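Next come the chains, spelled out residue by residue.
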Amino acid sequence: MNRRTAAAVLLLAVATALAGCSSATPSPAASPAGIGAWPSFLPSPTAAGAAHGSATDPALSFAGSPVVVDVAGATLTVDVQGPSYPAGTPLNATQVACTFTVVLRDASAPVALGAAHFDVLDHTGAVHDLAPVAGQPLPATVEPGATATLELVATVPAGEGMLRYAPDGTGTAAAWDYVAETD
Amino acid sequence: MQIRRRLVGLTTVAAAGLATAGLIAAPSGAFAASHGDSRPETTITTTGLQPGQVKHVWLIILENKSYDATFTGLNQNSYLWKTLPSQGALLQDYYGTGHYSQDNYTSMVSGQSASLDLQSDCDVSARNLGSNANIVTTHTGATFGRTDNFGQVFSPAGANAADGQNGCVYPSDVPTLFNQLDAAKVSWKGYAQDLHNQPGREDATAGGPGTAANNPTTNPTSMKAPFQPGVTSLTGAQANDQYVAKHFPFPWFHAILDNPADTDAAHIANLDDGANGLVADLQKPADQVPAFSWITPNNCSDAHDATCVGNNLSGAFLANGQPDYTAAGYHGTDDPRATTPTNHTGGLYASDLFLQYYIPLIERSAAFKDGGLIDITFDEANPPFTNMSFNNATDATSVAKAASKNELYRYTSPTSRDVAAASRPSPAHQFPAPGPLAKDYVKADLAGQNIDGNNVTWEPTGPNSTLATDAFGNQLYPGPGNNAFITRPPSCEQDTALVNADASNCVSGEKASGAGYGYSGAKTITASATADSTTIVGPVTATDTGRAVSGAGIPAGAHIGSVINSGPVLVPAANQPVTVSSFTLVDAKGRQLTTTGPVTGVTLSATGVPGHLAAGQTPVATFDAQDATPGGGITGSVLISPLIKPGTVSTTSYNHYSWLRTMEDIFQVSEGTATAPLAAGTVSGGLDGLGHLGFAAQAGLRPFGPDVFTNASPKH
């Protein structure tokens with residue numbers, strides 16, 4: 001089994017475990033002025049919303065697709081962008097420093113943040129700690145009405161993996177798939 | 001270095017979960033309400049509806065996707081795939097009538113059949129397609145039968161004349177559904193997203209291509225460069241204006257162009273216009289909303305472009321995935337196009353965004369609740385392979401495998417045995433049987449409709465795109481399906497650049513073969529793999545299967561085995577690929593090979609005519625000399641209405657001619673007042689006196705019936 005096959009198998013297994021647990025959040029779209037209510041003869045609208053994740057019911061997502069995460073006594077919306085790479089990364093490098101941008105917003109109450117709340121699971125099954133980019137320390141919390149943007153970096157193998165968010169530092173509530181290709 | 005973010009098989013693709021009740025109703029024997037007969041219990045032909053039950057129709061037409069691409073999970077477009085069918089009816093066997101695009105639009109609204117300029121999206125000159133003198137005025141064959149061309153325009157260039165020789169704009173005695181609605185005093189409007197965004201691009205009458213000074217008779221627009229300042233294409237999208245006139249039916253008929261009352265702001269409007277746009281209309285009382293609304297999304301929102309050069313509306317949604325009607329706004333200068341997109345991914349990803357934004361607005365309107373009917377359909381069924389789909393139906397991925405359970409057809413990758421069979425020499429002017437990939441692709445060219453209660457696998461070809469074979473069984477003409485997505489042998493007379501030295505690899509008498517499609521010289525591509533790898537990442541498609549591969553790190557005798565194109569990738573820029581491509585290496589017997597060293601690039605062999613390969617060529621995988629291309633393939637269609645029980649599924653074969661007949665019957669156009677004789681028939685009476693135009697007048701053609709309108713109980 002080569003690297004990509006192994007990655008696919010690993011991610012499929014994780015995806016199967018997580019996707020079956022996640023769920024969309026039905027929420028009828030707001031009605032613009034002058035246009036009426038949802039018709040009673042149609043099923044309730046269930047347009048695909050953000051996935052909803054918690055430590056007991058984790059969500060699997062992908063970069064650019066936010067997840068509404070339950071934390072102790074609060075909810076917040078989390079999204080991930082990236083990874084990006086340092087200039088000059090060698091072509092076909094087997095390891096690469098990946099920088100992820102994590103955006104946290106819409107917190108219903110103050111939510112504590114820490115580097116230990118985020119890590120990377122790569123396609124080999126190895127776990128990598130994420131550290132704040134130099135000069136950009138993490139805020140201690142994300143407050144209601146505020147947006148926290150974190151720049152986190154880890155050196156990981158080229159290939160596939162997931163950035164994971166564990167609000168309590170132990171139980172993953174949401175994960176975002178990524179592919180780090182150095183070609 | 002390319003950095004890609006990829007959506008992998010995140011979603012466990014569930015079974016469609018749609019009821020599959022057998023809903024083909026027994027033929028009811030079409031009995032039309034006679035003129036002046038307004039008995040409330042009288043049904044409208046075979047629709048099963050009563051006069052006035054449908055009061056408003058919104059037709060939204062999307063682009064270039066087969067049923068198997070759209071309604072199976074292959075492209076993960078869950079709103080159109082799952083949500084909308086759960087609200088209404090899924091017409092599983094709805095067919096396009098031709099390829100490649102514009103002919104479907106003109107067929108839908110007029111019943112006219114395919115001709116090659118329109119099949120080629122009028123890419124040469126927007127000039128007249130004959131005159132009233134070219135309308136067939138006598139019946140040919142059985143009256144209103146399969147070969148009766150009564151009322152069709154016969155191209156002055158003759159049957160199967162090449163693109164550019166026919167013209168695109170129908171003469172004044174070819175009426176459209178809209179002329180029929182006028183005469184029946186039924187209001188209508190055509191909305192087009194982005195219409196008039198770029199001055200000089202679609203300023204001809206009714207959204208026609210070119211400037212206001214252009215017209216198809218005395219100053220036809222050249223569809224090729226050079227263009228007006230600020231215009232980069234008339235047939236493709238540009239960043240500030242993704243409208244394309246080929247997808248808007250109105251400017252292609254003199255019956256509309258010559259009537260100023262049909263081309264004013266009350267009839268032709270930008271979709272998001274603050275005063276005349278869709279949302280502005282939906283806010284009105286039901287009786288002030290047009291009874292029939294034609295909606296043409298732009299070339300991004302209609303799923304046409306895989307990567308959108310402009311806004312795909314991805315910025316018009318809240319974090320929870322719901323449309324943002326408050327911040328993005330919905331009229332005036334504050335419309336959703338003014339939002340900043342978060343990515344440029346197109347295809348069925350973009351069409352889902354469009355539908356998620358606009359469909360709920362229609363559904364909430366007073367007009368929809370009062371006898372409304374939303375109809376989401378496609379022009380034609382491009383096959384579920386890359387460049388027309390984010391994933392191939394043959395991919396060995398979890399997404400493709402899950403989708404295969406919902407697909408109408410089975411798809412199979414070519415094997416080394418298929419490649420070997422196509423490589424064996426054939427006698428002059430004869431060719432090997434098509435391989436599995438060509439067979440897969442030709443499924444997108446099939447025809448279907450329902451005649452006298454029976455699903456049939458044909459449609460009338462009309463006089464301009466006929467079908468015939470030579471003595472060896474080779475197809476001579478492209479037909480309504482235009483040889484789409486398959487590769488024909490070259491014509492001995494018309495494709496001389498492809499004909500070999502002894503002229504054995506060609507078909508004599510073949511016309512408009514399109515044989516340039518598929519044949520390729522050797523090419524070198526950027527690719528990557530480590531040593532001892534079975535998979536190489538590089539920009540290949542399923543059509544490259546079987547090509548010989550060479551280069552550093554590639555073992556001798558290697559060929560492309562299986563190909564995977566996976567997506568969608570949510571790309572931040574318009575010039576980035578929305579799929580990730582990779583392939584395996586096999587030897588001539590199909591045994592897996594591994595790389596012998598790092599790979600940074602590979603050379604793919606040239607492809608040639610199966611049975612007649614030159615040195616160094618491998619057979620083109622999409623080659624098919626013998627199967628006809630009679631139609632536009634199964635696209636599927638979704639209808640939502642208070643007259644339809646949510647979750648309805650129909651397996652009756654319908655096509656664009658059936659759709660036209662349905663609209664004509666729903667609005668009882670035969671009750672209209674335009675009864676002056678035309679070259680053939682009348683506006684209100686159509687060709688058959690029952691209000692049916694063109695091939696919508698085929699004897700026994702079934703319109704959408706009780707299998708679709710499952711909640712149309714009689715009024716009391």
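Residues numbered from 1 in each chain as written. Chains lettered and ligands numbered in written order. Predicted model: local features only at pLDDT ≥ 70, side-chain atom pairs only at ≥ 80, totals over all residues.

K.L.:
When you look at the overall build of chain B in this model, what are you seeing that I'm missing?
P.N.:
Looking only at helices and strands, chain B has 13 helices and 23 strands in total. A compact globule built from 716 residues should have a C-alpha radius of gyration of about 27 Å, and chain B, at 25 Å, falls within 12% of that. Overall, chain B is about 80 × 60 × 55 Å in size when its C-alpha atoms are taken along their principal axes. In chain B, buried positions account for 62% of the 716 residues. (Helix = DSSP H or I, 4+ residues; strand = E, 2+ residues; numbered from the N terminus. Rg over C-alpha atoms; globule rule 2.2 N^0.38 Å. Buried ≥ 20, exposed ≤ 12 C-beta atoms within 10 Å, placed from the backbone.)

K.L.:
I would appreciate a short explanation of the overall build of chain A in the present structure.
P.N.:
When you go through chain A residue by residue, the secondary structure sums to one helix and 14 strands. Counting the 183 residues in chain A, one finds 42% classified as buried. Residue pairs in contact within chain A that sit at least 24 positions apart in sequence constitute 62% of those at least 6 positions apart. (Contact = placed C-beta atoms within 7 Å.)

K.L.:
Please clarify how the sheet that holds strand β1 (residues 56-62) of chain B should be interpreted in this entry.
P.N.:
Note: strands within a sheet are paired through backbone hydrogen bonds, in either parallel or antiparallel orientation. Residues and elements named next belong to chain B. Taken in spatial order, the eight strands line up as β7-β5-β8-β1-β9-β21-β2-β22 in an open sheet, and their pairing is mixed. On the outer flanks of this sheet lie β7 (268-270) and β22 (648-650), each paired with one strand and no other. Strand-to-strand, the axes of this sheet are offset by a mean angle of 20 degrees, without reference to chain direction. Where strand β5 (residues 188-192) and strand β8 (residues 292-296) come together, five bridges link them in parallel fashion. For W188, the partnering residue across the bridge sits in β8 and is F292. Against the sheet, helix α2 (residues 78-87) makes contact with β2 (89-91), β9 (372-378) and β21 (637-640), and its axis sits at roughly 40 degrees relative to β21, the strand it touches most. (Pairing = 2+ DSSP bridges. Axes fitted to C-alpha atoms, helices over the stretch in contact; angles between N-to-C directions.)

K.L.:
How should I be thinking about helix α3 (residues 102-110) of chain B in this particular structure?
P.N.:
Since the α-helix turns once every 3.6 residues, residues separated by three or four places project in the same direction. Most of α3(B) sits inside the fold, with nine of its nine residues counted as buried. Taken together, the buried positions of α3(B) are Q102(B), D103(B), N104(B), Y105(B), T106(B), S107(B), M108(B), V109(B) and S110(B).

K.L.:
It is not clear to me how the pairing of strand β15 (residues 558-566) of chain B should be interpreted in this structure. Could you clarify?
P.N.:
Put simply, side chains in a regular strand alternate between the two faces of the sheet. Residues and elements named next belong to chain B. Of all nine residues that make up β15, nine are buried, and the element is covered over most of its length. Pairing analysis gives two bridges linking strand β14 (residues 548-550) to β15, with the strands arranged antiparallel. The partner of V549 across the bridge, within β15, is A558. By the bridge criterion, six bridges tie β15 to strand β16 (residues 580-586) in an arrangement that is antiparallel. By the bridge assignment for β16, H559 is matched with V586.

K.L.:
What is the right way to read the domain arrangement of chain B from this model?
P.N.:
Much of the literature gives interface size as the accessible area that the parts lose upon coming together. Residues and elements named next belong to chain B. Partitioning chain B into domains gives domain 1 (56-384 + 634-697) and domain 2 (523-604). Between the C-alpha centres of domain 1 and domain 2 there is a distance of 39 Å. If you look at the interface, domain 1 gives nine residues, while domain 2 gives nine residues. Residue classes in the side of domain 1 that touches domain 2 are distributed as four nonpolar, five polar and no charged. (Domains from an automatic or database assignment. Nonpolar A, V, L, I, M, F, W, Y, C, P; charged D, E, K, R; others polar.)

K.L.:
I'm lost on helix α13 (residues 656-666) of chain B in this one. Help?
P.N.:
All names here are of chain B. Counting buried positions along α13 gives 11 out of 11 residues, so the element sits mostly inside the fold. All buried positions along α13 are accounted for by H656, Y657, S658, W659, L660, R661, T662, M663, E664, D665 and I666. Tucked inside the fold, the buried residues of α13 contact β1, α3, α5 (177-183), β10 (449-451) and β23 (654-655). Within two residues after α13, Q668 carries a phi angle of roughly 45 degrees, on the positive side.

K.L.:
Any chance you could explain unusual backbone geometry here in plain terms?
P.N.:
Most peptide bonds take the trans form, and the phi angle of most residues other than glycine is negative. In this chain, G82(A) is followed by P83(A) through a cis amide linkage whose omega measures 15 degrees. The omega torsion of the bond from G567(B) to P568(B) falls at 5 degrees, within 30 degrees of zero and hence cis. With respect to the element layout, P568(B) can be found in the loop between β15 and β16. Positive phi is not limited to glycine here, since H429(B) has a value of about 65 degrees. Tracing the backbone through its elements, the reader meets H429(B) in the loop between α11 (416-423) and α12 (436-442).

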